[in-house]
Amino acid sequence: MSQPATLPPLMMMKKKTKKCSGPSILSSNQHPQPGKVKFLGVRIYIVERRMGHSRRGFLSSLARSKGFRVEDTLGGKVTHVVSEGNPGGELWGWLRAQTVALAGTAEVLDISWFTESMREGRPVAVESRHRIQEDASLLSPVGSRSAVSQYACQRRTTLDNPNKIFTDAFEVLAEHSDFSGSSGPALAFKRAASVLRSLSSALHCLGDTRDLPCLGEQSRAVMEEIFECGRSFKVQGILSDEKFQTMKLFTSVFGVGPKTAEKWFLRGLRSLEEIATHPHVHLNRMQQAGFLYYADISRGISKSEAEALGRIVEDTLHQIAPNASMVLTGGFRRGKEFGHDVDYILTTPDAGTEEGLLLRVIDRLNYQGILLYQEYQESTFDKSRLPCRRFEAMDHFPKCFLIIKLHAEVVPEGALSCDHGDRRGWRAVRLDLVAPPADRFAFALLGWSGSTMFERDLRRFARLERGMLLDNHALYDKSKDAFLVAKTERDIFDLLGLDYIEPWQRNA
Ligand code: DCT
Ligand code: MG
């Protein structure tokens, strides 16, 4: 496999560390020079157990480069013991079995304290959520709540959500921030919603949120209001705001993003009719289709409609490539009953033979007279430019965004979701197809299965906790300067040292 166009990891580290502390700190076995230590009261000991030698070395170097003192051996002077992946009982058993005693004031902490401190460039205050207790059941009256990870990929999030009243509020706040271009606050609200979605029971008071990660001051304030008044006045204000309502309406059109929506709003346009009839509004091809099929596309697609669509694509696929296969992905793979579109991955057994597959499928659908709209994006997959560092970046596989005419007779029991009284006998549905090469299938499947927050945190976890880069194409280990091979999603979780999370548990 070819090398990434970035510096190999050691060189990158050298460059960074040279600037702040000099080259001697590069070795994990060397202590920094006296005087280079910035935080005199802090002596960290990193537990190698379950973490491994090379990762411990990497983390030690990182901490030393940031002015932390890291002890190679456990002893009475250690103030912060940091452990990763060790259950509390096991860790404490191991600590007791050591021949040296820890000071009574030493903190025994989860790696999250370490990563937060590295990010801040100073030792962050120890909170109860950082501490590793001997018996996890002593931590919180609500069972596993104290152990909730800050990473969505370490949480199991089903579609059952007993805290919908809060997550709905956070979603409005996130969307409002997104509309005004405030991506930081938007992400904070999305993270807060994502954490709450993973809980299996309802929260009853603000105290219940004490040990939960990712709940900032603003999120807690919103929750406090809801606990006290049953609603958030801030959220109510947003929902009745004309700009928010208009932006929501405009962005609900296929092909219209926040920038275009805002442009129309600033021109004084307020309804879809005004846009469609305005002499000076130019719509691109995608937006024209969005307006034409708006009534259908803005209505959710049911699971039976998604499966009916799948049968059409499968028949078509087998006519042109008998050994090709396809897998339903996106929200439906996560068990959702409704979605805004249907996402399928198509692939062939041999890498390279998938090229041209989508164009032939599009041709056939067109021939059947059911293709209402198509946009095909050819492959821009270039192994030499892997891995991509952007979270949100679309992958480079060939893909197409389609609108298909779905006839009532292909959906079991004619269960087509149409307008009441609609006699057309068909509806328009959005279909996305992607065709990765066979050797990238596992990465593409994991990426396209979502949810977006789950994917985002998988990548963040890989980068911050494992020194790896993950995207829809590959997993790259920076310390080994190598791409890691995976045939299945399980392989990728294993390579990241994560417990496997089933697709229906990825609704973060
Ligand atoms: N995805 C991705 N890169 C993007 C956007 C999305 O890898 N730039 C992934 C994440 C989810 C998956 O593709 C499908 O995307 P959507 O259809 O937008 O999400 P969904 O979870 O299927 O939601 P819905 O049920 O509303 O279709
Ligand atoms: Mg989808």
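Located above this text is the structure these notes cover.
So, a few notes on the structure that sits alongside this text. Per-chain numbering applies: the sequence of each chain, read as written, is numbered from 1 onward. Written order decides the labels, with chains lettered from A and ligands numbered from 1. Only residues with pLDDT of 70 or above have their local features reported here, since the model is predicted, and side-chain atom pairs are shown and tallied only from 80 upward, although totals for entire chains, interfaces and linings are computed over all residues. In computing side-chain properties, one takes all heavy atoms of the structure into account and sets aside hydrogens as well as water.

1. Structural notes on the nonpolar core
Short version of the rule: Joining through side-chain atoms within 4.5 Å is the link that ties buried Ala, Val, Leu, Ile, Met, Phe, Trp, Tyr and Cys residues into a set, and such a set is a nonpolar core. Throughout this description, buried means an accessible area under 20% of the type-specific maximum (1.4 Å probe, protein chains only), exposed means over 50%, and partly exposed covers the range between. For helices the rule is a DSSP run of H or I covering at least 4 residues; for strands it is a run of E covering at least 2, with both sets numbered from the N terminus onward. Residue ranges assigned to the domains are those given by an automatic or database domain assignment. Any pair of residues with heavy atoms lying within 4.5 Å of one another is described as a contacting pair.
The biggest cluster of nonpolar side chains holds 36 residues, and the ones touching the most others in it are F170, L196, L212, F250, W264 and I275. Counting residues per element, the ones that place at least two in this core are α5 (164–179), α6 (183–197), α7 (217–229), α8 (233–239), α9 (242–251), α10 (258–266) and α11 (272–277). A domain split of this core shows at least three residues from each of domain 2 (154–239) and domain 3 (242–292). What F250 contacts, discounting residues up to four positions off in sequence, is V256, A261, W264, F265, L269, R270, S271, L272 and I275. In terms of nonpolar packing, the next biggest core, distinct from the first, is built from 34 residues, I301, I312, L358 and V411 among them.

2. Here we look at the sheet that holds strand β12 (residues 468–470)
Quick note on the threshold: Only strands that DSSP links by at least two bridges are regarded as paired with each other. Note on geometry: axes are lines fitted to C-alpha atoms, helical ones only across the stretch in contact, with angles between N-to-C directions running from 0 to 180 degrees.
Taken in spatial order, the 3 strands line up as β12-β13-β14 in an open sheet, and their pairing is antiparallel. Edge strands, defined here as strands with exactly one partner in the open sheet, are β12 and β14 (482–484). Taking each pair of neighbouring strands and ignoring which way they run, the sheet shows an average axis angle of 25°. The sheet contact formed by β12 and strand β13 (residues 475–477) spans 3 bridges and is antiparallel. Its bridge partner being in β13, L469 is matched across the sheet by Y476.

3. Let's talk about the site of ligand 1
The test is simple: Throughout, near means a residue has at least one heavy atom within 4 Å of the molecule or strand. Polar contact criterion, stated in full: a pair of N or O atoms within 3.5 Å, where within protein one must be able to donate a hydrogen and the other to accept it, and residues adjacent in sequence count only if both atoms are side-chain atoms. Each accessible area is a Shrake-Rupley estimate made with a 1.4 Å probe; only the visible protein chains count as cover when residues are assessed.
Not every one of the 14 residues close to ligand 1 is listed here, only the nearest: G331, R334, K336, H340 and D341. At 2.8 Å, a side-chain N or O of H340 approaches an oxygen atom of ligand 1. For ligand 1, whose free accessible area comes to 560 Å², the fraction covered by protein is 77%. If you list the elements that add at least two residues to the shell around ligand 1, you get α15 (330–333) and α17 (441–449).

4. Description of the environment of R155
Of note, R155 is situated in the loop between α4 (111–120) and α5. Each C-alpha atom, one on R155 and one on R197, is 9.7 Å from the other, the two residues being 42 residues apart in sequence. Apart from the residues lying within four places of it in its own chain, the contact partners of R155 are V148, S149, Q150, S194, V195, S198, F454, D457, I501 and Q505. Looking at R155, its side chain comes within polar contact range of the main-chain oxygen of S149, at 2.8 Å.

5. What about the pattern of salt bridges?
The cut-off we apply is this: Just to be clear on terms, a salt bridge is a Lys or Arg side-chain nitrogen sitting within 4 Å of an Asp or Glu carboxyl oxygen.
Summed over all chains, the structure comprises 30 salt bridges. One salt bridge connects D439 with R440, and the closest N-O pair in it is separated by 3.9 Å. D439 gets classed as partly exposed once you look at its relative accessible area, which sits at 38%. Using a relative accessible area of 3% as the deciding quantity, one classes R440 as buried. Two residues, R506 and E489, come together in a salt bridge whose shortest N-O distance is 3.0 Å.

6. Some details on the coordination of the magnesium ion (ligand 2)
Let me state the cut-off plainly: Counted as donors are N, O and S atoms no farther than 2.8 Å from the metal, or 3.2 Å for Na, K and Ca; water is not among the atoms, and sites may therefore look incomplete.
Only D341 (OD) and D343 (OD) from the protein coordinate the magnesium ion (ligand 2), and they sit 2.1 Å from it. An identical accessibility class is assigned to D341 and D343; each is buried.

7. Here's the deal with the environment of A221
Position of A221 among the secondary structure elements: in helix α7. A residue is classified by how much of its surface remains accessible, and A221, at 42% relative accessible area, is partly exposed. With 15 residues separating them along the chain, A221 and L206 place their C-alpha atoms 9.3 Å apart.

8. Re the packing of α9 against α10
To be explicit about the condition: Any angle between 65 and 115 degrees counts as roughly perpendicular, while under 35 counts as roughly parallel, over 145 as roughly antiparallel, and the rest as oblique. By the definition used in this description, the sense in which the near helix is turned from the far one sets the handedness, with an anticlockwise turn below a right angle giving left-handed and a clockwise turn giving right-handed. Amino acids outside the nonpolar list (Ala, Val, Leu, Ile, Met, Phe, Trp, Tyr, Cys, Pro) and the charged list (Asp, Glu, Lys, Arg) are all regarded as polar, and Gly is one of them.
Contact geometry for α9 and α10: axes closest at 9 Å, N-to-C directions at 125°. In terms of axis orientation, α9 runs oblique to α10. Once α9 is placed against α10, the crossing between them reads as right-handed. Between α9 and α10, the contacting residues are E242, K243, T246, M247, F250 and T251 on the first element and P258, A261, E262, W264 and F265 on the second. Across the contact of α9 with α10, the residue classes tally to 6 nonpolar, 2 polar and 3 charged.

9. Focus on the side chain of S449
Assignment of secondary structure puts S449 in helix α17. Residues in contact with S449, not counting those within four places in the same chain, are T329, G330, R333, R334, E455, E489 and R506.

10. Some thoughts on the packing of aromatic side chains
Basically, it comes down to this: Note on aromatic pairs: the rings of Phe, Tyr and Trp (six-membered ring only in Trp) are paired at centre separations within 6.5 Å, and the planes decide the class, stacked below 30 degrees, edge-to-face beyond 60, tilted for the rest. Throughout this description, the term charge over a ring refers to an Arg CZ or Lys NZ atom that lies within 6 Å of the ring centre and within 35 degrees of the ring normal.
Scanning all chains against the criterion turns up 12 aromatic pairs. Ring geometry for F170 against F189: centres 6.2 Å apart, planes inclined by 25°, an arrangement best described as stacked. In this pair, F170 sits in helix α5 while F189 sits in helix α6, placing the two residues 19 residues apart along the sequence. Residue classification places F170 among the buried positions, given a relative accessible area of 1%. Pairing F454 with F493 gives two aromatic rings, centres 6.5 Å apart and planes at 45°, and the pair type is tilted. Of the two residues, F454 is situated in helix α18 (residues 452–466) and F493 in helix α19 (residues 489–495); the sequence distance between them amounts to 39 residues. Accessibility classification places F454 together with F493 in one group, the buried group. Among the aromatic residues, those joined into a cluster by ring pairs are F250, W264 and F291. Taking the ring centre of W426 as reference, the NZ or CZ of K405 above it sits at 4.7 Å. We note R490 situated over the ring of Y500; from NZ or CZ to the ring centre the distance is 4.0 Å.

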